[in-house]
Amino acid sequence: LSVAAGFAVKDVLVEGREHTDAELLLAVINVRRGESIFTLNPHEAKKQVEKIGWVKKAHVERRLPDTIHIRLTEHKPMAFWKDSDGVSLINENGVEITRSNLNEFKDLPLLRGSNAANKAPEIIAALNAYPQLMKTVDHAALIDKRRWNIALKNGQRIKLPEKKVRAAIDHIMTRHAENNILDKKVITEIDARYEDRLIIKTESGGVQDYKAGHVKASMTTQ
């Protein structure tokens, strides 16, 4: 009777879809063109749509007489996460989005380690505070499920502390602004695990100790 009265599904309009698979979305709401629009339960459809990996939030409604409208908010991919099961794409909160069709996001940094996704929010937020640093990151490895080592594309390694990660990166970027330490090929490692200093290792085996508040550094050998 509802179809005869003109309440048959004619259009499904989707707003905000960029990465979500269209065929999967239609399959999930499970309403076909020509069926009664009242076949759709918007509340149940919303719950099912939000189970799709890319979907962070959904709104589903009937627009009488013949249109279903779906508004999506998709997850924003921030990094890859590699564990024993393979590689997945995660958002800024460490939530897995998908493990397929990853090539278009190849410029995102890679996080390694069995617990890396759970600790991802802090390191991603700290790196995102400095886009110029984020662009140089090859991967970040979680060490002993506690703290991060950052590998840069130029071969440098940054050792970060277990706590106060943002403060450590702030310290590194302050020294970089003063002495360009992230662009010097001779530097192989920046150890920022100590609150009051950076330990800078060089190719020759030298060590520079940048104490807090002191730009000049003494050079020793190890």
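Residues numbered from 1 in each chain as written. Predicted model: local features only at pLDDT ≥ 70, side-chain atom pairs only at ≥ 80, totals over all residues. Heavy atoms only, no water.

### Side note on unusual backbone geometry
Quick reminder of the rule: Numbering of helices and strands runs from the N terminus, with a helix taken as a DSSP run of H or I at least four residues long and a strand as a DSSP run of E at least two residues long. Burial status follows relative accessibility: with a 1.4 Å probe on protein chains alone, a residue under 20% of its type maximum counts as buried, one over 50% as exposed, and anything between as partly exposed.
Along the chain, L64 connects to P65 via a cis peptide bond; the corresponding omega equals 15°. Positionally, P65 belongs in the loop between β2 (55-63) and β3 (67-74). Phi is positive for K145, close to 60°, though the residue is something other than glycine. For K145, the location among the structural elements is in the loop between β8 (137-143) and β9 (147-152). Taking relative accessible area as the criterion, K145 reaches 54% and is therefore assigned exposed. One non-glycine residue, N180, lies in the positive phi region at around 60°. Residue position: N180 is located in the loop between α5 (165-179) and β11 (187-191). Residue N180 is classed as partly exposed on the basis of its relative accessible area, which comes to 35%.

### Some thoughts on the packing of aromatic side chains
To be explicit about the condition: Only rings of Phe, Tyr and Trp enter the pairing, Trp through its six-membered ring, and a pair is recorded when the two centres are within 6.5 Å. The plane angle decides the type: under 30 degrees is stacked, over 60 is edge-to-face, the rest tilted.
Scanning the entire structure with this criterion turns up 2 aromatic pairs. Ring centres 5.6 Å apart and planes at 50° place the aromatic pair F7 and F38 in the tilted group. Pair noted here: F7 is in the segment before β1 (11-15) and F38 is in the loop between α1 (22-29) and α2 (42-49), with a separation of 31 residues, a long-range link. A residue is classified by how much of its surface remains accessible, and F7, at 26% relative accessible area, is partly exposed. On the basis of relative accessibility, which here comes to 41%, the residue F38 falls in the partly exposed class.

### Brief notes about the packing of helix α3 (residues 120-128) against α5
Where we set the bar: Axis lines are fitted to C-alpha atoms, over the contacting stretch for helices. Their N-to-C directions set the angle, which ranges from 0 to 180 degrees. With respect to orientation, any angle under 35 degrees is reported as roughly parallel, any angle over 145 as roughly antiparallel, any angle of 65 to 115 as roughly perpendicular, and every other angle as oblique. Should the near helix be turned counterclockwise from the far one by less than a right angle, the crossing is left-handed, whereas a clockwise turn marks it as right-handed. Contacts are assigned to residue pairs with any non-hydrogen atoms lying within 4.5 Å of each other.
Remark: α3 packs on α5, axes separated minimally by 9 Å, with the N-to-C direction vectors making an angle of 25°. On the basis of the axis angle, α3 is roughly parallel to α5. Of the two possible hands of crossing, α3 and α5 adopt the one that is right-handed. For the pair α3 and α5, contact is made by E122, I123, A126 and L127 and by V165, R166 and I169, respectively.

### So, the packing of α1 against α2
To be explicit about the condition: When residue character is reported, Ala, Val, Leu, Ile, Met, Phe, Trp, Tyr, Cys and Pro are called nonpolar, Asp, Glu, Lys and Arg charged, and the others, Gly included, polar.
In the contact formed by α1 and α2, the axes pass within 9 Å of each other and the chain directions differ by 140°. In this view, α1 runs oblique relative to α2, as classed from their interaxial angle. Here α1 and α2 pass one another in a crossing that is right-handed. Where α1 abuts α2, its residues L25, V28 and I29 lie against A45, Q48 and V49. The residue inventory of the contact of α1 with α2, partitioned by class, reads 5 nonpolar, 1 polar and no charged.

### A short note on the sheet that holds β1
Test applied: When DSSP finds two or more bridges between two strands, those strands count as paired.
With respect to topology, 3 strands assemble into an open sheet ordered β1-β3-β2, the strand pairing being mixed. The open sheet has two free edges, formed respectively by β1 and β2, since each of these has just one partner strand. Taken over all neighbouring pairs, the strand axes of this sheet differ in orientation by 15° on average, direction set aside. With respect to the sheet, α2 is in contact with β2 and β3, its orientation differing from that of β2 by roughly 155°.

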